[in-house]
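Structural characterization, general
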Amino acid sequence: RLYFRLARTADALALEAADKRDKALKYYKLAYDLDSTHLPTLVGRASLLYRIEDWDGAFKIYQTILVHHRESQKKDDIVEIFFRLGNIKMKLGERKKALNMYEKALEEQPHHRPTLEAVMALQTQQGDFEAVITAKRSIAEGTEPVEKFKILDEIGDLYKERLQNPQKAIVAYAEALALEPKNHVMLHKVLELYTETRQWKKAIDILIRVTDLEKDKVRRAKYFYTAAVIER
């Protein structure tokens, strides 16, 4: 294990001195040649290869870890490996294989945020906005109300602008509004869609809520007038 200890030391120094990187690679290789299944060597070498963007080399070592040590690895470690394998495939332009790796990471940990964000970026490029929304909803689970509101707003925008589905947009906006009932911008988004879909009674309810929050008398009068026109 001497070569491994030398490699780990050089690897730690490589963060501050680039010339130590080559020494770390050398010692990891020597340690690997002596024992190609030694887990700490595999983990250290794979991580270094990943950092220096030796994609093929890193991919091979991470696969070796999965083959020989998957059962002994913590779930978080397995998730990170699949996430990195997905990133590697993305760097190599293999989107389908990247998505497959990301999906394996999510099988282990459905709410792993870095993976979900990577999936969203990939699916956005491919125009699969339903998949993007699914990923966003997974991220929203367990988040703080402020962030959840923002995500629900984004989901509503996707339904409205990308999928032309005002009904599902309303559902997302309404969920967001439940978190921030006095959010003026969200109230107007819901009002616009209720009007567009001719849901007049619901539109009036939103108008009244907007009016109750408005302090300017002129604008309040306009809102009441609009509600009256709809009632008529």
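As a starting point, this report considers the structure included with it. None of the values given here were measured: they were computed from a predicted structure.

Brief notes about the nonpolar core
Ile155 and Ile206 are the most contacted members of the largest nonpolar core, which has 40 residues in total. When near neighbours in sequence (up to four residues on either side) are disregarded, Ile206 contacts Leu177, Leu187, Val190, Leu191 and Tyr194. Ranked by size, the runner-up nonpolar core spans 20 residues in total, among them Tyr32, Tyr50, Ala58 and Tyr62.

Regarding the side chain of His38
Within the fold, His38 resides in the loop between helix 2 (19-34) and helix 3 (39-51). A distance of 2.6 Å separates polar atoms of two side chains, one belonging to His38 and the other to Thr41.

Thoughts on the packing of aromatic side chains
Both the distance between ring centres and the angle between the ring planes are used here to describe each pair of aromatic rings. Counting across every chain of the model gives three aromatic pairs. Seen from their ring centres, Tyr50 and Trp55 are 5.6 Å apart, and the 75° between their planes marks the pair as edge-to-face. Side by side, Tyr50 and Trp55 carry an identical accessibility label, which is buried. Here Tyr50 and Tyr62 contribute two aromatic rings whose centre-to-centre distance is 6.5 Å and whose plane-to-plane angle is 75°, an arrangement assigned as edge-to-face. Residue Tyr50 is located in helix 3, and its partner Tyr62 is located in helix 4 (residues 55-69); the two are separated by 12 residues in the primary sequence. Here Tyr50 matches Tyr62 in class, with each residue buried. Grouped by ring-pair contacts, the aromatic residues Tyr50, Trp55 and Tyr62 constitute a single cluster. Over the ring of Phe59 we find Lys89; its NZ or CZ atom is 4.3 Å from the centre of that ring.

Scoring rules and cut-offs
Residues numbered from 1 in each chain as written. Predicted model: local features only at pLDDT ≥ 70, side-chain atom pairs only at ≥ 80, totals over all residues. Heavy atoms only, no water. Core = buried A, V, L, I, M, F, W, Y, C linked by side-chain atoms within 4.5 Å. Buried < 20%, exposed > 50% of the residue type's maximum accessible area, 1.4 Å probe, protein only. Contact = heavy atoms within 4.5 Å. Helix = DSSP H or I, 4+ residues; strand = E, 2+ residues; numbered from the N terminus. Polar contact = N/O pair within 3.5 Å; in protein donor to acceptor, adjacent residues only side chain to side chain. Phe/Tyr/Trp six-rings, centres within 6.5 Å; stacked < 30°, edge-to-face > 60°. Lys NZ or Arg CZ within 6 Å of the ring centre and 35° of its normal.

Interpretation note: all reported values are geometric properties and have no functional meaning in isolation.
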